[in-house]
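Residue-level listing of the chains:
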Amino acid sequence: MATGAELRDLDGTSVGDLRLEIRDWLDRELPPDRRSCLGMSGGHDPAFSRKLGKAGWLGLSVPVRYGGHNGTAVQRFIVTEELLVAQAPVGAHWLADRQVAPSILRVGTEEQRRTFLPAIVRGETYFSIGLSEPEAGSDLSAVRTQARRVAGGWRVSGTKIWTTFAQYNHYLLTLCRTQPRGEDRHSGLSQLIIPLGSDGVQVRPIRTMDGSEEFCEVILDDVFVPENRLLGDEGQGWAQAAAELALERYGPERWLSVWGCLTGIAGQASGDRLAGGAAAAEIGRLMAKYRTIRRVSLDVARSIDRGLTPTVQAAVAKDLATALEQETVEVVRRLWGRELAPSSSNDVESLLARAVLASPTFTIRGGTTEVLRGLIARADRVPAVARHSDDTAGVR
């Protein structure tokens, strides 16, 4: 991986010092026995998220008046890389910091900004995202969750699926239908901020093949949501969700999920067990691909700092990154050369065993490969103002 010393933020400031600063902080605050071998979000740890917030590592691009640091997407990119490489437990604040805070900042009311943004920046308020639904597949316009107007707000009923850490988080940013579906299937959708502790909310964790319960099913049974918890304008939920998905798709988390597997096998290759030119060539080929996808991903962050919403560019980054992750798992598994034991005392073997089970989801979460490539293929034929209207799979 690049050291980051050669990178420059838009204002010309080197981000090399920022990278060294977060590394030093992690060395002090995150001892090896607290570093996760999950290779993904690293678990839900509110205490660590609050510690990150207190140290100023959250809300980097949020304005100071809302508790943030007036930074850039590139700066958040650098910090995110270091957190993920260190296998820090970032799952609690992750979605709130990555996409909910920017969305509230962009389209939320002043009351919503002052209510939610400072708490997100402090690492004290956590969000899940309610996009995907049973039977809706990869077409978010097919959502069935209904919000009907009542005095003072809405009553919401429906089911959301694959909602990350909903059993622990405080709020669900929910895409629902507030107006009847018309000829334009993307119209009539809105986003509501729903407290997960509300009456009528039932959260059911879903155990996945690797034994984790990160994903949940959330059942909304006539849940009351007050008027002031509509995010943005009514009927604009589709465009808002698409912009949020761009933030979800491009980052280092899309290509650092299994970084520990690759670096671990590289360490093995430098010893006796995997000595030989063939193993070194395979690892070198993958490393070169990672360097390339990192540049693609970083360019998306730079586009965001220019005020753009790089929906298609983020789709390209996500498609390339998650395909590379799956390739990495297969190459490392083959190089390992023996049956994998998830309970192994060898950290590399344990992580690789879990990665084998998790890797099928890499090209599903955040948008299936087929949906992303359809979006990319249609980009030149879709006017820029309408590029948020492609089908997306909001798998969390």
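Keep in mind the model is a prediction, meaning the values are calculated, not measured.

A. Looking closely at the overall build of the protein. Regarding its fold elements, the protein presents eleven helices and eight strands. Residues classed as buried in the protein amount to 56% of the 396 residues present. Contacts in the protein between residues at least 24 apart in sequence constitute 73% of all its contacts with a sequence separation of at least 6. Entry remark: accessible area of the protein is about 16,300 Å², with carbon and sulfur atoms responsible for 51%.

B. Summary view of helix 9 (residues 311-336). The terminal C-alpha atoms of helix 9, which comprises 26 residues, lie 37 Å apart, in line with the 38 Å expected from a rise of 1.5 Å per residue. Glycine 337, located one to two residues past helix 9, shows a positive phi value of around 80°.

C. Main features of the pairing of strand 7 (residues 215-226). In this sheet, strand 7 lies alongside strand 3 (residues 153-160) in antiparallel orientation, the contact comprising seven bridges. Residue pairing in the sheet places valine 156 in a bridge with valine 223 of strand 7.

D. The arrangement of the confidence of the model for the protein in detail. Chain-level statistics for the protein give a pLDDT mean of 87 and a share of 87% at 70 or above. Within the model, the stretch residues 1-13 combines pLDDT values under 50 with 33 contacts to residues more than four positions away or in other chains. Long-range and interchain partners of residues 382-396, a stretch whose pLDDT sits below 50, account for 58 contacts in this model, where long-range means more than four residues apart.

E. Quick look at the packing of aromatic side chains. A complete count under the given rule lists eight aromatic pairs for this structure. Note on tryptophan 25 and phenylalanine 48: the rings are 5.9 Å apart at their centroids and 50° apart in plane angle, and the pair reads as tilted. One end of the pair, tryptophan 25, is in helix 1 (residues 16-29); the other, phenylalanine 48, is in helix 2 (residues 46-55), with 23 residues separating them in the sequence. Look at tryptophan 25 and you get buried, because its relative accessible area is 7%. The class of phenylalanine 48 is buried, set by a relative accessible area of 1%. Aromatic pair phenylalanine 116 and phenylalanine 127: ring centres 5.7 Å apart, planes at 70°, arrangement edge-to-face. With a gap of eleven residues between them, phenylalanine 116 in helix 5 (residues 110-121) and phenylalanine 127 in strand 1 (residues 127-130) connect regions that are remote in the sequence. Under the relative-accessibility criterion, phenylalanine 127 is labelled buried at 0%. Grouping aromatic residues by their ring pairs yields a cluster made of Phe116, Phe127 and Tyr171.

F. Representation of the packing of helix 4 (residues 94-107) against helix 6 (residues 237-249). Put simply, helix 4 and helix 6 touch, their axes get as near as 9 Å, and they point 140° apart. For the element pair helix 4 / helix 6, the angle class is oblique. In the packing of helix 4 onto helix 6, the handedness of the crossing is right-handed. Seen from helix 4, the contacting residues are Arg98, Gln99, Pro102, Ser103, Arg106 and Val107; seen from helix 6, they are Gln240, Ala243, Glu244, Leu247 and Glu248. Here the contact of helix 4 with helix 6 is composed, by residue class, of four nonpolar, three polar and four charged.

G. Fine view of the packing of helix 4 against helix 5. Orientation of helix 4 relative to helix 5, taken along the N-to-C sense of each, is 155°, at an axis distance of 10 Å. Judged by the inter-axis angle, helix 4 sits roughly antiparallel to helix 5. Viewed along their axes, helix 4 and helix 5 form a crossing whose handedness is left-handed. Taken together, the residues of helix 5 that come into contact with helix 4 (itself represented by Ala96, Asp97, Val100, Ala101, Ile104, Leu105 and Arg106) are Gln112, Arg113, Phe116, Leu117 and Ile120. For the contact of helix 4 with helix 5, a count of residues per class yields eight nonpolar, one polar and three charged.

H. Structural detail: helix 11 (residues 369-377). Turning to helix 11, its buried residues are Thr369, Val371, Leu372, Gly374 and Leu375. For helix 11, the elements touching its buried residues are helix 6 and helix 9.

I. Geometry of the nonpolar core. If you look at the biggest cluster of nonpolar residues, it comprises 80 residues, and the most contacted ones within it are Leu26, Leu52, Leu83, Phe127, Tyr250 and Leu262. Broken down by element, this core gets its largest block of residues, nine residues, from helix 9. Those residues in contact with leucine 262 that lie beyond four places of it in its chain are Ile283, Leu286, Met287, Tyr290, Thr328 and Val332. Of all hydrophobic cores here, the second largest spans 16 residues; its members include Cys176, Val218, Leu220 and Leu230.

J. Representation of empty space enclosed by the protein within the structure. Enumeration over the complete set of coordinates arrives at two cavities of 30 Å³ or more. Size it by volume and the second largest cavity reaches roughly 50 Å³. Taken together, Trp57, Leu58, Arg76, Val79, Thr80, Leu83, His93, Trp94 and Asp97 form the lining of the second largest cavity. Residue assignment for the lining of the second largest cavity shows that the elements contributing at least two residues are helix 3 (73-85) and helix 4. The leading source of residues in the lining of the second largest cavity is helix 3, at four residues. Partitioning the lining of the second largest cavity into residue classes produces five nonpolar, two polar and two charged.

K. How the structure looks around the side chain of serine 49. Within the element layout of this structure, serine 49 appears in helix 2. In this view, serine 49 contacts Leu58, Ala92, His93, Arg122, Gly123 and Tyr126; residues no more than four positions away in its chain are not counted.

Rules and cut-offs
- Residues numbered from 1 in each chain as written.
- Predicted model: local features only at pLDDT ≥ 70, side-chain atom pairs only at ≥ 80, totals over all residues.
- Heavy atoms only, no water.
- Helix = DSSP H or I, 4+ residues; strand = E, 2+ residues; numbered from the N terminus.
- Buried < 20%, exposed > 50% of the residue type's maximum accessible area, 1.4 Å probe, protein only.
- Contact = heavy atoms within 4.5 Å.
- Areas by Shrake-Rupley, 256 points an atom, 1.4 Å probe, with all protein chains shown as cover.
- Expected span 1.5 Å × (residues − 1).
- Pairing = 2+ DSSP bridges.
- pLDDT = per-residue confidence, 0-100.
- Phe/Tyr/Trp six-rings, centres within 6.5 Å; stacked < 30°, edge-to-face > 60°.
- Axes fitted to C-alpha atoms, helices over the stretch in contact; angles between N-to-C directions.
- Parallel < 35°, antiparallel > 145°, perpendicular 65-115°, else oblique.
- Left-handed = near helix turned anticlockwise from the far one by under 90°.
- Nonpolar A, V, L, I, M, F, W, Y, C, P; charged D, E, K, R; others polar.
- Core = buried A, V, L, I, M, F, W, Y, C linked by side-chain atoms within 4.5 Å.
- 1 Å grid on protein atoms, 1.4 Å probe; cavity = no way out; pocket = protein on both sides within 12 Å on 5 of 7 lines; lining within 4 Å.
- Points joined across faces, edges and corners; volume = space filled by probe spheres on them.

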